[in-house]
Amino acid sequence: MPKNLAFEEPVVQLREKIDELKTIAAEADVDMTGEIEKLETRLSQLEQSIYTNMKPWDRVQVARHPERPTTLQYIEAMCEDFIELHGDRTFGDDAAILGGIAMFEGQPVTVIGHQRGKSTKENIRRNFGMPHPEGYRKALRLMKQAEKFNRPIICFIDTKGAYPGKAAEERGQSEAIARNLVEMAGLTVPVISIVIGEGGSGGALALGVANRVFMLENSTYSVISPEGAASILWRDGSLAKQAAEAMRITAPDLKELGIIDGIIPEITGGAHRNVAKQALSIKECISDTLQVLNSLSGEQLIEDRYDKFKKIGQYTETEERA
């Protein structure tokens, strides 16, 4: 069973009560249909109330859920004939970023994404989804390959941020991220990015310069984690909950601000409740978007991407004084 979060406790308790009544009814051969139906109706209402009125910190918790679907799970659910490609041809292979070629509804595509582990051992191997420079260079290599063979690029974003360790800095972490931003802006093939969990800092943006950026309903996208922001602003990391509200890092906030292009609804309770069904929603979004982007030329795609990011934020122009 998926791990339950603190704000879900009322729902969990009611589900347990329903299961208990069903067990008693079966063992004692007693008709408790009426009572069970009343509780199930109440459960439905409670779920609607809790999951449609989630606070920013609730969404942060869901985005970080240990059983939240990963890039690889979505690729396996949506694509066929996936072939993973390795290495940046400069230093080595970074397991924190996954990439390769696949068939999406009969069309060859390049898929790239941050990859977390499902166990402690796998998380260590994948560095908890925090890439080194070679991960971003591998991603860029695959993007340029996709451009060469005219394949659309689909990116899945799910990272706390790029790895900040000494070795990563020595190998050019900031340069690798910056180069991805520049090169992605000029790609002549469609690029679609989807935030499926946490989208943290430049480590997320390095896969996010796309023609269309979407977020799962309970994902987050921000320049820094709530804990990091709280530590800087108030010198107290325990105020992360307040920081999450102030930063406006959730999908509804970012859609309102014009940072993203759309929100992909999640399964009630979070994507981890039904991976196959969630993957179908993402697949439909990608399919509809590709139909639009595939009709554009290379130059139009670059212009489309430029216009998208130019519209973000507010600014005024003033005349220069002599």
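Residues numbered from 1 in each chain as written. Predicted model: local features only at pLDDT ≥ 70, side-chain atom pairs only at ≥ 80, totals over all residues. Heavy atoms only, no water.

Looking at an unreviewed UniProt entry, the protein chain carries the name Acetyl-coenzyme A carboxylase carboxyl transferase subunit alpha, with the source organism given as Lysinibacillus macroides. On record in UniProt, under Catalytic activity (unreviewed entry), the comment for the protein chain is "N(6)-carboxybiotinyl-L-lysyl-[protein] + acetyl-CoA = N(6)-biotinyl-L-lysyl-[protein] + malonyl-CoA". (UniProt positions renumbered as here; feature names shortened; annotations may be inferred.)

A.B. asks: Could you give me a rundown of a negative patch on the surface, with the residues and numbers involved?
C.D. replies: On the surface, Glu9, Glu16, Asp19 and Glu20 cluster together to form a negatively charged patch. With respect to the helices and strands, the residue Glu16 is situated in helix α1 (residues 9-28). (Patch = residues over 30% accessible without salt bridge, like charges linked within 9 Å, V, L, I, M, F, W, Y side chains within 5 Å. Areas by Shrake-Rupley, 256 points an atom, 1.4 Å probe, with all protein chains shown as cover. Salt bridge = Lys/Arg side-chain N within 4 Å of Asp/Glu carboxyl O. Lys, Arg positive; Asp, Glu negative; His and termini not counted. Charge placed at Lys NZ, Arg CZ, Asp CG, Glu CD. Helix = DSSP H or I, 4+ residues; strand = E, 2+ residues; numbered from the N terminus.)

A.B. asks: Which residues make up unusual backbone geometry, and what values do they have?
C.D. replies: With a phi close to 65 degrees, Arg89 is a non-glycine residue in the positive phi region. Mapped onto the elements, Arg89 comes out in the loop between β1 (80-84) and β2 (97-104).

A.B. asks: Provide a residue-level description of the packing of helix α6 (residues 133-148) against helix α8 (residues 173-185), including the pertinent values.
C.D. replies: Packed helices, taken two at a time, are described by the angle between their axes plus the distance between the axes. Following both chains from N to C, one finds α6 and α8 inclined at 20 degrees, their axes separated by 8 Å at the closest point. In terms of axis orientation, α6 runs roughly parallel to α8. When the axes of α6 and α8 are compared, the crossing they make is left-handed. Facing α6, whose interface residues are Pro133, Tyr136, Arg137, Ala139, Leu140, Met143 and Lys144, α8 presents Gln173, Glu175, Ala176, Ile177, Arg179, Asn180, Glu183 and Met184. The class makeup of the residues in the contact of α6 with α8 is eight nonpolar, two polar and five charged. (Axes fitted to C-alpha atoms, helices over the stretch in contact; angles between N-to-C directions. Parallel < 35°, antiparallel > 145°, perpendicular 65-115°, else oblique. Left-handed = near helix turned anticlockwise from the far one by under 90°. Contact = heavy atoms within 4.5 Å. Nonpolar A, V, L, I, M, F, W, Y, C, P; charged D, E, K, R; others polar.)

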